[in-house]
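# Fold and geometry: a report
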Amino acid sequence: MTAAGQRRKQGRLRAHWGVAAAAAVIRCLMAAPGAGATEQVVTDWHSGLAINGFDPVAYFTEGAPAMGQADIECTFAGAVWHFRNTGNRAAFLADPEVYRPQFGGYDSVAIARGVAAPGNPKFWLIVGDRLYLFFDADARAAFAAEPDRLIAEAERQWPKVLRTLEP
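Residues numbered from 1 in each chain as written. Predicted model: local features only at pLDDT ≥ 70, side-chain atom pairs only at ≥ 80, totals over all residues. Heavy atoms only, no water.

### Notes on the pattern of salt bridges
- Under the definition given, this model contains four salt bridges.
- When the shortest N-O distance is used, the salt bridge between Glu 97 and Arg 100 registers 3.1 Å.
- The salt bridge involving Glu 146 is made with Arg 149; its shortest N-O contact spans 2.8 Å.
- When its relative accessible area of 46% is taken as the criterion, Arg 149 is described as partly exposed. (Salt bridge = Lys/Arg side-chain N within 4 Å of Asp/Glu carboxyl O. Buried < 20%, exposed > 50% of the residue type's maximum accessible area, 1.4 Å probe, protein only.)

Structure follows, in structure tokens:
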């Protein structure tokens, strides 16, 4: 193949990968039909990372918090999410409502009281196939003692709490 032919072929390959990358970003941004611009997610002020860079899917697949990798990420609900591997990112993109923490990653017990306190990714529970984060071990224990009541109360309070959060 001539040098000119090789340059044309490389240009087509770069264009193909550029389109593929753009499509992945668009899928990530549009992944959750229910999540709107008003959805507030606990993020790190400096990095914009959701749940301090922990992989939200790992709670389900590994049964423990696990740090994600900076080069495997997605932007969703105004935050950057890191993942341990591309399979976890794909699972999140396929159904972010299943994997993201409830109440934007805020402490579910605090939300039930009508207060927004950031959850700590190291204090968590999965209840009813949903991830809940807590400020500390005491909040997690209180939630574990009566999850149904606290979930119902947090769901009732969440719209009011959302209005208090900065957009």
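Additional details are given in the paragraphs that follow.
### Side note on the side chain of Asn 88
- Tracing the chain through its elements places Asn 88 in helix H3 (residues 86–94).
- A relative accessible area of 8% means that Asn 88 is categorised as buried.
- In terms of polar contacts, Asn 88 uses its side chain to reach the side chain of Asp 55, at 2.7 Å.
- Residues within four places of Asn 88 in sequence aside, it is in contact with Asp 55, Val 57, Ala 58, Thr 61 and Phe 83. (Helix = DSSP H or I, 4+ residues; strand = E, 2+ residues; numbered from the N terminus. Polar contact = N/O pair within 3.5 Å; in protein donor to acceptor, adjacent residues only side chain to side chain. Contact = heavy atoms within 4.5 Å.)

### Let's talk about the confidence of the model for the protein chain
- In this model, the protein chain carries a mean pLDDT of 83, and residues with pLDDT of at least 70 account for 75%.
- Every residue in residues 15–38 scores below 50 in pLDDT, and together they form 14 contacts with partners more than four places removed in sequence or on other chains. (pLDDT = per-residue confidence, 0-100.)

### Side note on the packing of helix H6 (residues 137–145) against helix H7 (residues 147–164)
- In the contact formed by H6 and H7, the axes pass within 5 Å of each other and the chain directions differ by 105°. Between H6 and H7, the interaxial angle falls into the category roughly perpendicular. In contact with Ala 142, Phe 143, Ala 144 and Ala 145 of H6, H7 contributes Pro 147, Leu 150 and Ile 151.
- Of the residues in the contact of H6 with H7, the class split is seven nonpolar, no polar and no charged. (Axes fitted to C-alpha atoms, helices over the stretch in contact; angles between N-to-C directions. Parallel < 35°, antiparallel > 145°, perpendicular 65-115°, else oblique. Nonpolar A, V, L, I, M, F, W, Y, C, P; charged D, E, K, R; others polar.)

### Considerations on the packing of aromatic side chains
- Scanning the model with the defined rule gives 11 aromatic pairs in all.
- Centroid distance Phe 76 to Phe 92: 5.5 Å. Interplanar angle 90°. Geometry classified as edge-to-face. Taken together, the residues span a long stretch of sequence, with Phe 76 in strand E1 (residues 69–76) and Phe 92 in helix H3 at a distance of 16 residues. Summarising the burial analysis for this pair, Phe 76 and Phe 92 share the class buried.
- Ring plane angle 50° and centroid distance 4.9 Å describe the contact between Phe 134 and Phe 143, whose orientation is recorded as tilted. Across the pair, exposure class does not vary: Phe 134 and Phe 143 are buried alike.
- In this structure an aromatic cluster arises from ring pairing among Phe 103, Tyr 106, Tyr 132, Phe 134, Phe 143 and Trp 158. (Phe/Tyr/Trp six-rings, centres within 6.5 Å; stacked < 30°, edge-to-face > 60°.)

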